[in-house]
Amino acid sequence: MSYLTIAMGKGRTAKQAMNFLEQSGIKFPDFHEKSRKLVFIDSTERVKLIFVKAVDVPTYVENGAADIGIVGKDTIMEDPADVYEMLDLGIGKCKLAVAGFPDKQFTNSAPLTVASKYPAIAKEYFERNGIRTKTIKLNGSVELAPLIGMSDVIVDIVETGTTLKENGLVVLQDIADVSARLIVNKASFATKTNQIQQFILDLRAVLE
Ligand code: PRP
C-alpha cells in the first residue's frame, strides 16, 4: 500500500494538529517540537507527513504532491484551491476581523486604506458592504500599519486578542470564524478512496 501524504503548515496550529493525529492513532516517533526535519513517517508506515509553509498547503494538495492537507479556513478563503474540503477539525480556532482604533468611523468620503495579509478577503468583504478601499498587502506585523499611519484599519486574524490590545487597537467588525480544515486532492480521493475514507473516519472518531 502506498503512503498517504499529508501536508501541514509549520505554524502555530501544528502542535494541535499533531496531537489530533496522535489521538486518531497516527504517531510520528521521530517528531519533536523543535525538530527542523520536514518529512516524517508514522509508526505504521502508512502516512508520510510533510511540513510546508502554511499558505502553500492548498498548492501541494491541489497539485497532488500531497493527498491531504491540514490548513486554516483563512488560507482557503484567501486563495481558493481546486480541492475537496472534507472536515472541520475544530482546532486553531480564531476569527478574521477588521480592526483599528476604537473611534474609527467608516465613511465613503475617501477610500478606506486597509492593510492585510488577506487582500482578497479584505477586498471582497468591503465591496460586499459598499465601502471603497485601497488595500495594502503585508506579510506580517500587520497591527503596525494603523499605528504608523500607513492604513486606516487592518483585516487580520484575532486569536487571543493580545496583539490588538497591546497596540491599542480593537475589533471593529467580525468577518468570519476560522478553524483548521482537512482538504483532499481530487484525484487521490478517486484512487485512494478506502485509505482516505478510513483516515477521515479515524479523525471523526476523535471529534466525536
Ligand atoms: C497573527 C496575526 C496577529 C496575531 C493574532 O500573527 O496576524 O498578528 O497572530 O494573535 P493574538 O490575537 O493571539 O494576539 P502571527 O503571530 O502569525 O505573526 P505575524 O505578525 O508575523 O504574521
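Residues numbered from 1 in each chain as written. Predicted model: local features only at pLDDT ≥ 70, side-chain atom pairs only at ≥ 80, totals over all residues. Heavy atoms only, no water.

A. Expanded view of the pairing of strand E9 (residues 153-158). The buried count for E9 comes to 5 of 6 residues, which makes it a mostly enclosed element. Where strand E6 (residues 94-100) meets E9, 5 bridges bridge the pair, whose relative direction is antiparallel. Within the sheet, the bridge partner assigned to Ala 97 lies in E9 and is Asp 156. In terms of strand pairing, strand E7 (residues 112-116) meets E9 through 3 bridges, oriented parallel. Bridging from a neighbouring strand, Ala 115 pairs with Ile 154 of E9. (Buried < 20%, exposed > 50% of the residue type's maximum accessible area, 1.4 Å probe, protein only. Helix = DSSP H or I, 4+ residues; strand = E, 2+ residues; numbered from the N terminus. Pairing = 2+ DSSP bridges.)

B. Fine view of the environment of Leu 112. Structurally, the position occupied by Leu 112 is in strand E7. Relative accessible area serves as the criterion here: at 4%, Leu 112 is assigned to the buried category. Put simply, Leu 112 and Thr 135 are 23 residues apart on the chain and 8.3 Å apart in space, counted from C-alpha to C-alpha. Leaving out residues up to four positions away in the same chain, Leu 112 has contacts with Lys 104, Phe 106, Phe 126, Ile 131, Arg 132, Thr 133, Lys 134, Asp 152 and Val 153. (Contact = heavy atoms within 4.5 Å.)

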